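Analysis of the macromolecular model
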Amino acid sequence: MPGKQHEVSFRFLAQPSDVNFGGKVHGGMVMKWIDQAGYACAVAWSGAYCVTASVSGIQFVAPILIGDLVTVRARLIHTGRSSMHMAVDVLARDLRKDEHHLATSCVMVFVALDAPEGKPTPVPSWLPRDNNEQRLQQQAMKLMELSKEMEQLVDTHGAESI
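In what follows, the accompanying structure is described. No experiment lies behind these values; they were computed from the predicted model shown. Numbering of residues begins from 1 in every chain and follows the order in which that chain's sequence is written. Local features in this predicted model are restricted to residues of pLDDT 70 or higher, and side-chain atom pairs are both shown and tallied only at a pLDDT of 80 or more, whereas totals for entire chains, interfaces and linings draw on every residue. Computation of side-chain values: all heavy atoms of the structure, hydrogens and water removed.

1. Digging into the layout of surface pockets
Computed over the protein atoms alone on a 1 Å grid, cavities are sets of points where a 1.4 Å probe fits but cannot get out and pockets are open sets with protein on both sides within 12 Å along at least five of seven lines; a residue lines them when it has an atom within 4 Å of a point. Grid points are joined across faces, edges and corners, and a volume is the space filled by probe spheres set on the points. Computed from the structure, the largest pocket encloses a volume of approximately 280 Å³. A run of H or I in DSSP becomes a helix once it reaches four residues, and a run of E becomes a strand once it reaches two; helices and strands are each numbered from the N terminus. Residue assignment for the lining of the largest pocket shows that the elements contributing at least two residues are β2 (49–60), β4 (83–94), β5 (99–113) and α2 (131–153). Per-element accounting of the lining of the largest pocket gives the leading share, six residues, to α2. Only Asp, Glu, Lys and Arg are considered charged in this grouping, and only Ala, Val, Leu, Ile, Met, Phe, Trp, Tyr, Cys and Pro are considered nonpolar; every other residue, Gly among them, is considered polar. Each residue belonging to the lining of the largest pocket can be placed in one class, and the counts come to seven nonpolar, five polar and two charged. Around the second largest pocket, the lining comprises 13 residues; the ones closest to its centre are A87, S105, C106, V107 and L136.

This is how it looks when you write it as C-alpha cells:
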C-alpha cells in the first residue's frame, strides 16, 4: 500500500565474491546494495516503478569483510511531488566478536514513474514524526539546494566536444 512503508532493511552475509583484491568488499558492490535497498524503499512508499535520480555524499567510513553480517537500511527523509529522498546506511557486524560499525552512508533521490519508460508521477507526502526525522528532512532539503547550484556550474555543452 503506497504511503505506508517508509523504511526497508536488507540483511545478508558478505561473501567471497563481493571482495576486491585487498580482501574487503568493494565499493561497487556496496553501491549496488545501496541502490537496491533505496529502490525497494521508494517503490514501497510510492507504489510505482522508480528510478535513481542522484546519490549524494556517499562516504565509505569503514571496511566490510567476508562473513560480516551486512545491514543496508534505507529510510525516507523527504518527498517532493514525484521524488523521494532516502537516507541509506550500511552497517557491518562481525558475528564472532559481536562488534558492529557504520561502513557507508549516503542520501539518494528516486523519482516515481507511471511506467518503466513513462513520466514522473505523484507520490504520497511524507511528514517527519520526531526531531531526528525533522533534522534529516532539513538535510535533504539542503542537499537539494546544493544539487541545484551544482547543475548550474556543470558545463553539459562541453561534453559534446569530447
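Read on for the rest.
2. Considerations on the sheet that holds strand β3 (residues 69–79)
Pairing between two strands is assigned when DSSP locates at least 2 bridges connecting them. Taken in spatial order, the five strands make up an open sheet running β1-β3-β4-β5-β2, and their pairing is antiparallel. Each edge of the open sheet carries a strand with a single partner, namely β1 (7–13) and β2. Each strand of the sheet is rotated relative to its neighbour by a mean of 20°, with strand direction disregarded. What makes two residues a contact is simply this: any of their non-hydrogen atoms within 4.5 Å. Fitting a line to C-alpha atoms yields each axis, with helices limited to the stretch in contact; the angle taken between N-to-C directions then spans 0 to 180 degrees. Strands β2, β3, β4 and β5 of the sheet are contacted by α2, whose axis makes an angle of about 75° with β3.

3. Focus on the pairing of β5
Here's how the labels work: a residue is buried when its accessible area is under 20% of the maximum for its type, exposed when over 50%, partly exposed in between, all with a 1.4 Å probe on protein chains only. In terms of burial, β5 is a largely internal element, eleven of the 15 residues being buried. Of the pairings in the sheet, the one linking β2 to β5 comprises nine bridges and is antiparallel in character. Within the sheet, the bridge partner assigned to F60 lies in β5 and is T104.

4. A closer look at the environment of D35
Structurally, the position occupied by D35 is in helix α1 (residues 27–46). For the pair D35 and T52, spaced 17 residues apart in the sequence, the C-alpha separation amounts to 7.6 Å. Residues within four places of D35 in sequence aside, it is in contact with T52, M108 and F110.

5. So, the nonpolar core
Put simply, buried Ala, Val, Leu, Ile, Met, Phe, Trp, Tyr and Cys residues joined by side-chain atoms within 4.5 Å make one nonpolar core. Within the largest apolar cluster, 30 residues are counted, with the highest numbers of intra-cluster contacts made by W33, I64, M84, M86, V88 and V90. For this core, the element with the highest residue contribution is α1, accounting for eight residues. Here M86 is in contact with G38, C41, A42, R75, L76, I77, C106, V107, M108 and F110, once residues within four sequence places are set aside.

6. Examining the pattern of salt bridges
Salt bridges are defined by distance alone: a side-chain nitrogen of Lys or Arg within 4 Å of a carboxyl oxygen of Asp or Glu. If you walk through the whole model with that rule in mind, you get six salt bridges. Its salt-bridge partner being D94, residue R96 comes within 3.3 Å of it at the nearest N-O pair. Under the relative-accessibility criterion, R96 is labelled exposed at 72%. Notably, a salt bridge pairs E133 with R129, separated by 2.7 Å at the nearest N-O pair. With relative accessibility at 59%, the residue R129 sits in the exposed group. Residues joined in a network through salt bridges with shared partners are R73, R75 and D89.

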